[in-house]
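Examination of the molecular architecture
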Amino acid sequence: MRLLIIEDELDLLRALSRALREDGYAVDTAEDGEDGSYKALANDYDAIVLDWMLPIINGLGVLTALRQKKRTPVIMLTAKGSVNHRIEGLKAGADDYLAKPFDVNELRARLQALIRRSAGQARDQIIIGEVSVDTWGKNVTLAGSPVALTAREYALVEYLALRRGKMVSRTELFEHLFDENEDSLSNLLDVRVSLVRKKLGADFIQTKRGQGYCIP
Amino acid sequence: MKLPVLSIRARIQLWHGLLLVCILGALGIAAWRLRWQDELRRVDREIDEVLSQMHDVLGSTRQRDETRKPASAPASFAMPEALAGRVAAHGGYYVLWSRFGLVVASSEHAPASLAMPKIEPGASIITHTRGNGDVREGYLFTPPGECLFVGVSISAERAALVQFGWWLFAFGGGVLGIGMLVDAWIVRRAIQPVEDIISAAERISHGKLSTRIESDTTSAELERLTRVLNSTFASLDQAFTQQTQFSADVAHELRTPVSVLIAESQIALERERSGEDYRDTIATCLRSAQRMGGLIESLLDLAQIQSVAHAQHSPCDLAALTNEVINSLRSTAAAQGIELRCTLADAPCEGNAAQLKQVIANLINNAIQHNQRAGHAIIETSLDQNHAMLRVSNTGPGIAPEDLPHIFERFYRTDTSRSRKTGGAGLGLAISKAIADAHGASLSVESTPGVMTTVRCTFSEV
């Protein structure tokens with residue numbers, strides 16, 4: 001899952017991106033509205049965390065510009081917490097609204113719910129044969145016993161599991177599992193796929209040469 | 001003694017009632033007395049007439065007896081029928097004494113106890129009221145010394161007077177009643193604006209601060225009171241709104257550093273981390289706490305300047321103060337690559353040196369922080385027609401026209417300049433404005449975006 005955080009408070013930006021990266025997200029960051037707007041339009045993010053008061057272009061401006069082209073889930077995270085501001089933000093196209101100061105775990109939960117919904121899933125638990133993926137606890141069990149996956153391995157499983165039965169191209173996987181600072185030409189993805197196959201079974205992820213990967 | 005609490009209306013009515021009772025009482029008594037005196041005069045006139053007619057009759061009797069010794073008393077006196085009837089009609093009586101005190105003639109009803117009055121020289125007719133006031137008597141001494149005496153009953157007059165008294169009482173009561181009704185109406189009308197004021201004040205005390213007194217009173221005092229109260233309410237309302245806005249602003253400003261504190265600590269505590277990570281977290285928390293501390297300092301400054309309008313003012317020179325500030329900011333400017341161009345001419349003014357330096361430092365700091373890379377700031381002091389003046393210009397991106405009117409408001413940041421890297425708490429200009437106001441100085445900004453932004457501080461004449 002790849003996220004974009006647009007926030008001008010650098011300390012907060014750093015803390016949030018670190019926490020979300022630890023959760024297995026690929027995180028891009030932007031410190032002002034202009035940069036944020038550019039990135040949001042250029043990439044397909046799974047969700048965007050957006051501050052309201054931003055330099056150059058404010059959050060509403062970013063949201064308005066984004067909504068003309070994309071339906072990326074957006075959660076607004078702002079000090080403007082009054083009911084009227086919430087309504088204004090939601091009307092402008094935000095999918096959720098969280099007022100500062102906030103609880104990091106609440107932000108995580110809301111992000112998770114947004115991503116799950118936008119992938120068309122209503123439940124936290126995805127069961128594929130003997131494998132069960134818990135998107136809430138971010139863990140995977142094989143025949144009832146937990147499997148130790150790294151955060152990045154888990155992200156790959158979750159991404160494919162949420163799109164079960166669909167062929168997902170390598171480009172799409174690169175777009176959603178690696179952030180802007182990682183080199184997409186490397187063979188990191190192949191390494192990760194083979195590691196997951198070792199842990200969850202060789203047939204768990206199928207490869208169609210030239211098309212991509214799929215969990216049947 | 002504490003008087004019971006009465007409404008103004010009741011009090012005014014009470015006093016008006018008392019006053020009316022006194023006036024009516026005095027008038028009634030006067031009317032009553034006049035009537036009584038009038039009655040007495042009428043009776044006295046009757047007595048006079050009877051006496052003088054008796055005197056005439058006595059005179060003619062004396063002429064007939066001319067042959068007798070002139071000094072002797074009349075042997076007889078025949079009261080004419082008509083005159084006797086007239087006296088009797090009044091329930092009266094008559095007596096004639098000789099000059100030796102012998103009764104020459106008297107009517108049947110004359111009281112037996114009646115004695116001849118003493119001669120009072122010089123007086124002709126004397127009247128007086130006797131007994132229990134039921135009888136009015138008059139007497140007359142003839143030149144030879146006889147005494148003519150007439151008494152008339154006045155009980156009918158007295159009865160009429162008592163009736164008149166009752167009539168006066170009833171009339172007075174009626175006038176009093178009507179008077180009080182009219183008075184109640186007048187007082188009610190006069191007090192109405194006060195009632196309006198009370199109900200407006202009550203609404204305000206219940207928290208509806210936007211309430212104003214709407215009164216179309218025509219009395220000057222109440223009109224003034226209404227005006228004064230309305231302006232008081234307005235300033236209360238404004239102060240309250242400002243206070244509310246201020247609290248909201250403070251809460252809003254604290255949100256961001258608090259968010260950082262909470263997020264940082266929460267994330268750090270989630271799992272075991274390296275020493276460096278902890279150091280980073282603590283450093284971030286410290287920065288946030290320091291920012292909150294700075295915000296609190298600035299707010300206290302602002303509150304103090306606004307509440308204590310007159311700090312100690314003494315003559316000082318704007319040029320010298322500016323020079324001091326520039327010296328302390330030179331390294332900051334150099335670090336940002338900003339060139340400071342100064343033209344400092346003597347500019348004497350009255351003020352608090354520490355506060356003025358704060359204004360100067362704020363303005364120059366803004367000129368440095370909001371400047372473009374490798375830009376310059378122009379700092380000038382001068383004396384223009386006895387007004388000391390400070391001008392600080394910078395070559396930064398400038399301020400949009402729609403932001404200009406708000407630039408001195410607390411926590412106002414133009415959206416484009418609002419970056420944590422350059423922006424402070426958003427209180428610098430508000431503090432500068434408060435200090436300028438306390439010094440009777442004016443602070444103005446003009447900006448041509450992208451070219452030049454100038455803040456001008458003009459002091460009043462020294």
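Residues numbered from 1 in each chain as written. Chains lettered and ligands numbered in written order. Predicted model: local features only at pLDDT ≥ 70, side-chain atom pairs only at ≥ 80, totals over all residues.

**Quick word on the overall build of chain A**
The secondary structure content of chain A amounts to 8 helices and 11 strands. When burial is assessed residue by residue, chain A has 41% of its 216 residues classed as buried. Intrachain contacts of chain A at a sequence separation of at least 6 include 57% that bridge at least 24 residues. (Helix = DSSP H or I, 4+ residues; strand = E, 2+ residues; numbered from the N terminus. Buried ≥ 20, exposed ≤ 12 C-beta atoms within 10 Å, placed from the backbone. Contact = placed C-beta atoms within 7 Å.)

**Observations regarding the nonpolar core**
Residues L3, L16, I48, L50 and V157 of chain A are the most contacted members of the largest nonpolar core, which totals 61 residues. In terms of residue count, the dominant contributor to this core is helix α6 (residues 151-162) of chain A (8 residues). Leave out the neighbours within four places in its chain, and L50 of chain A touches I6, G59, V62, L63, V74, M76 and L77 of chain A. Listed in part, the 34 residues of the second largest apolar core include V325, C349, L356 and I435 of chain B. (Core = buried A, V, L, I, M, F, W, Y, C linked by C-beta atoms within 7 Å.)

**Quick look at the sheet that holds strand β4 (residues 74-78) of chain A**
Residues and elements named next belong to chain A. Taking strand neighbours across the sheet as the criterion, the 5 strands line up as β2-β1-β3-β4-β5 in an open arrangement whose pairing is parallel. Edge positions in the sheet fall to β2 (26-30) and β5 (96-99), since each has one partner strand and no second. Ignoring which end each strand starts from, the neighbouring axes of this sheet average 20° apart. Relative to β4, strand β3 (residues 47-50) runs parallel, the two being bridged by 3 bridges. By the bridge assignment for β4, V49 is matched with I75. (Pairing = 2+ DSSP bridges. Axes fitted to C-alpha atoms, helices over the stretch in contact; angles between N-to-C directions.)

**Considerations on the confidence of the model for chain B**
Low pLDDT marks regions whose predicted coordinates should not be analysed in detail. All names here are of chain B. Averaged over chain B, the pLDDT score is 81; the fraction of residues at 70 or greater is 89%. Confidence over residues 416-423 falls short of pLDDT 50; this stretch has 18 contacts with residues more than four positions distant or in other chains. For this predicted complex, the interface score ipTM comes out at 0.77, alongside a pTM of 0.57. (pLDDT = per-residue confidence, 0-100.)

**Some thoughts on the packing of helix α3 (residues 155-205) of chain B against helix α4 (residues 220-270) of chain B**
Residue and element names in this part refer to chain B. Two numbers describe how α3 lies on α4: the axes approach to 11 Å, and their chain directions differ by 10°. Viewed along their axes, α3 and α4 adopt a mutual orientation that is roughly parallel. Contacts from P193, V194, I197 and I204 in α3 reach L222, L225, T226, L229 and F233 in α4. Grouping the amino acids of the contact of α3 with α4 by side-chain chemistry returns 8 nonpolar, 1 polar and no charged. (Parallel < 35°, antiparallel > 145°, perpendicular 65-115°, else oblique. Nonpolar A, V, L, I, M, F, W, Y, C, P; charged D, E, K, R; others polar.)

**A look at the packing of α6 of chain A against helix α7 (residues 170-177) of chain A**
Residues and elements named next belong to chain A. Relative to each other, α6 and α7 sit at 125°, their axes nearing to 11 Å. The angle between α6 and α7 places the two elements in the oblique class. Two packed elements cross with a definite hand, and for α6 against α7 that hand is right-handed. Within the contact between the two elements, α6 uses A155, L156 and Y159 and α7 uses L173, H176 and L177. Of the residues contributing to the contact of α6 with α7, the split by class is 5 nonpolar, 1 polar and no charged. (Left-handed = near helix turned anticlockwise from the far one by under 90°.)

**Notes on the pairing of strand β7 (residues 131-134) of chain A**
Residue and element names in this part refer to chain A. Relative to β7, strand β6 (residues 125-128) runs antiparallel, the two sharing 4 bridges. Residue pairing in the sheet places I127 in a bridge with S132 of β7. Where β6 folds back onto β7 in an antiparallel hairpin, the turn is made up of 2 residues, including G129, whose phi is positive at roughly 60°. Pairing geometry for β7 and strand β8 (residues 139-142), over 4 bridges, is antiparallel. When the sheet's bridge partners are listed, D134 is paired in β8 with N139.

**Focus on helix α8 (residues 188-200) of chain A**
All names here are of chain A. Its 13 residues give α8 an end-to-end C-alpha distance of 18 Å, which sits within 8% of 18 Å, the value for a rise of 1.5 Å per residue. Listing the buried residues of α8 in full gives R192, V196 and L200. The buried residues of α8 all sit within an arc of 50° when viewed along its axis, so they share a single face. Exposed residues on α8 whose side chains face more than 90 degrees from its buried face are D190, V191, S194 and K198. (Expected span 1.5 Å × (residues − 1). Arc of directions from axis to C-beta.)

**Remarks on unusual backbone geometry**
In this structure, P101 of chain A follows K100 of chain A across a cis peptide bond, with omega equal to -5°. Note on placement: P101 of chain A falls in the loop between β5 and α5 (104-118). Unlike most non-glycine residues, A374 of chain B shows phi in positive territory, near 60°. Following the sequence through the fold, A374 of chain B ends up in the loop between α7 (353-369) and β9 (376-384). The phi dihedral of N386 of chain B is positive, around 70°, even though this residue is not glycine. Looking at the secondary structure, you find N386 of chain B in the loop between β9 and β10 (387-394).

**Side note on α6 of chain A**
Residues and elements named next belong to chain A. For α6, which comprises 12 residues, the first-to-last C-alpha distance of 16 Å matches the rise-based estimate of 16 Å (1.5 Å per residue) to within 8%. Counting buried positions along α6 gives 10 out of 12 residues, so the element sits mostly inside the fold. Tucked into the core, α6 has its buried residues touching β6, β7, β8, α7, α8 and β11 (212-214).

**Digging into the environment of I119 of chain B**
Considering the arrangement of structural elements, one finds I119 of chain B in the loop between β2 (103-106) and β3 (125-130). Taking the C-alpha atoms as reference points, I119 of chain B and C147 of chain B, 28 residues apart in sequence, are found 8.6 Å from one another.

**Quick word on the interface of chain B and chain A**
Taken together, the contact pairs 19 residues of chain B with 18 residues of chain A. Taken together, the elements giving at least two residues each to the side of chain B that touches chain A come down to α4 and α5 (275-307) of chain B. For the side of chain B that touches chain A, the class distribution of residues is 5 nonpolar, 8 polar and 6 charged.

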